[in-house]
Amino acid sequence: MTSKVNMPWEDRPEGCKDVMWRFSQNPVIGRYDIPTSNSIFNSAVVPFGDGFAGVFRCDNKSVQMNIFAGFSKDGINWDINHDPIEMVAGNTDMIDSDYKYDPRVCWIEDRYWITWCNGYHGPTIGIAYTFDFKTFHQCENAFLPFNRNGVLFPEKIDGKYAMLSRPSDNGHTPFGDIYISYSPDMKYWGEHRCVMKVSNFTDSAWQCTKIGAGSVPVRTNEGWLMFYHGVINTCNGFRYSMGAALLDLENPDKVLYRSQPYLLAPAAPYELVGDVPNVVFPCAALTEGNKVAVYYGAADTVVGMSFAYIDEVIDFIKKNSL
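Residues numbered from 1 in each chain as written. Predicted model: local features only at pLDDT ≥ 70, side-chain atom pairs only at ≥ 80, totals over all residues. Heavy atoms only, no water.

The name an unreviewed UniProt entry gives the protein is Glycosidase, with Labilibaculum manganireducens as the organism. Its UniProt record, at the heading Sequence similarities (unreviewed entry), says of the protein: "Belongs to the glycosyl hydrolase 130 family." (UniProt positions renumbered as here; feature names shortened; annotations may be inferred.)

Quick look at the structure:
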């Protein structure tokens, strides 16, 4: 799907040599942008109608985690619903959950699919679909607990839906690799394959503890462009940064190139300071021609945006690949 308006964009600042740069008006969504919120972060955005729609992680002042729908004319200024999404039954009657967080949104064929970390005896991957971001139909959870970072591909692979995920544990997982799974019907998932493992500490320490898919992969002539997060466990706790990889178009469990240096790491005040310091966590990417705008959670508190040129990102990955 494409929007009838241009996606958000800001040219690279004068003198900046980085492949990816921050929006000068960050954060684009503040922690208190709805009355009940303690924080709004790790959220997903897609083109919709004459603007954009999104699903947002909003933790309330009791720090209950839930997902909320929102709309924007320009992708920068957002009107987020004050009440969380109420699911109706999709392909299942089992729509209960203890929490919902870290959503992604993906247009496939005729509808928008939402995936998130769903609380069902521990974290797993919840799935729902919507046509209008007003009514959401919840489907069967994709996997057994414990799992996080479920990210769908925007088209079927060999006639099947495909999803990246990160098997984990019930807590602040000190490990994690990216896997891919397939489904004929968005209900039953199998053919699980390992896609990408953490790096060796000496090769690329920023992604040596755990990794997870971020935004919905972008189809390019060179392969599927996937922005992902990588984590290092420091003496001050986990530090989350953003990298990118190219996956084979026909067999996306095959990594063609993968960034050894990060593209974006915590450095701005709103990334360094917050409820969870030192976090850059990509969840969505808008594209327009050669331009890409990546929305990311910053310090588990607010939403930031960064920009890049797709061909420059691909060139960077290829020249600096693990």
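Alright, that's what it looks like, and here's the rest.
Asks: Please explain the layout of surface pockets as it appears in this structure.
Replies: Gaps left between atoms are located by rolling a probe of water-molecule size over the structure's atoms. Its boundaries defined by the atoms lining it, the largest pocket holds a volume of some 700 Å³. Going through the elements one at a time, strand 2 (37-48), strand 3 (51-60), strand 7 (100-108), strand 8 (111-119), strand 11 (147-152) and strand 18 (237-247) are the ones with two or more residues in the lining of the largest pocket. Among the elements that take part in the lining of the largest pocket, strand 2 stands out by supplying 4 residues, more than any other. Grouping the constituent residues of the lining of the largest pocket by class yields 13 nonpolar, 12 polar and 9 charged. (1 Å grid on protein atoms, 1.4 Å probe; cavity = no way out; pocket = protein on both sides within 12 Å on 5 of 7 lines; lining within 4 Å. Points joined across faces, edges and corners; volume = space filled by probe spheres on them. Helix = DSSP H or I, 4+ residues; strand = E, 2+ residues; numbered from the N terminus. Nonpolar A, V, L, I, M, F, W, Y, C, P; charged D, E, K, R; others polar.)

Asks: Looking at this structure, how should I read the packing of aromatic side chains?
Replies: The description of two aromatic rings rests on the distance between their centres and on the angle between their planes. Under the definition given, this model contains 23 aromatic pairs. A centroid spacing of 5.3 Å and a plane angle of 80° characterise the contact between Phe-153 and Trp-224, whose relative ring orientation is edge-to-face. One end of the pair, Phe-153, is in the loop between strand 11 and strand 12 (161-167); the other, Trp-224, is in strand 17 (residues 223-234), and 71 residues separate them in sequence. For the pair shown, Phe-153 and Trp-224 are each scored as buried. (Phe/Tyr/Trp six-rings, centres within 6.5 Å; stacked < 30°, edge-to-face > 60°. Buried < 20%, exposed > 50% of the residue type's maximum accessible area, 1.4 Å probe, protein only.)

Asks: Hey, could you run me through the pairing of strand 18 in this one?
Replies: A regular strand carries its side chains on alternate faces of the sheet. Extensive coverage of strand 18 is indicated by the burial of 9 of its 11 residues. Bridge count for strand 17 against strand 18 is 11 bridges, and the pairing is antiparallel. Residue pairing across strands places Met-226 opposite Ala-245, the latter belonging to strand 18. Once strand 17 ends, the chain turns through 2 residues before running back antiparallel as strand 18. Two elements, strand 18 and strand 19 (residues 255-258), share 3 bridges in a ladder whose sense is antiparallel. Directly across from Leu-246, in strand 19, lies its bridge partner Tyr-257. (Pairing = 2+ DSSP bridges.)

Asks: What is the right way to read the sheet that holds strand 10 (residues 136-139) from this model?
Replies: In a beta sheet, neighbouring strands are held together by backbone hydrogen bonds and run either parallel or antiparallel to one another. Strand order in the open sheet formed by 5 strands is 6-10-9-8-7, and the pairing between neighbours is mixed. Lying at the two open borders of the sheet, with one neighbouring strand each, are strand 6 (87-89) and strand 7. When the angles between neighbouring strand axes are averaged without regard to direction, this sheet yields 35°. Strand direction decides the pairing type here: strand 9 (residues 123-130) and strand 10, joined by 3 bridges, are antiparallel. What sits directly across from Ala-128, in strand 10, is Gln-138. (Axes fitted to C-alpha atoms, helices over the stretch in contact; angles between N-to-C directions.)

Asks: Explain the pattern of salt bridges to me, please; I cannot follow it from the model alone.
Replies: Two side chains with opposite charge may pair up if their charged atoms get near one another. Applying the stated criterion across every chain, the model contains 13 salt bridges. Asp-102 serves as the salt-bridge partner of Arg-57, at 3.0 Å between the closest nitrogen and oxygen. One end of the pair, Arg-57, is in strand 3; the other, Asp-102, is in strand 7, with 45 residues separating them in the sequence. The two residues Arg-57 and Asp-102 agree in class, both being buried. Note that Arg-111 and Asp-110 form a salt bridge whose closest N and O atoms lie 3.0 Å from each other. For Asp-110, a relative accessible area of 42% translates into the label partly exposed. It is possible to trace a salt-bridge network through shared partners that takes in Arg-57, Asp-59 and Asp-102. (Salt bridge = Lys/Arg side-chain N within 4 Å of Asp/Glu carboxyl O.)

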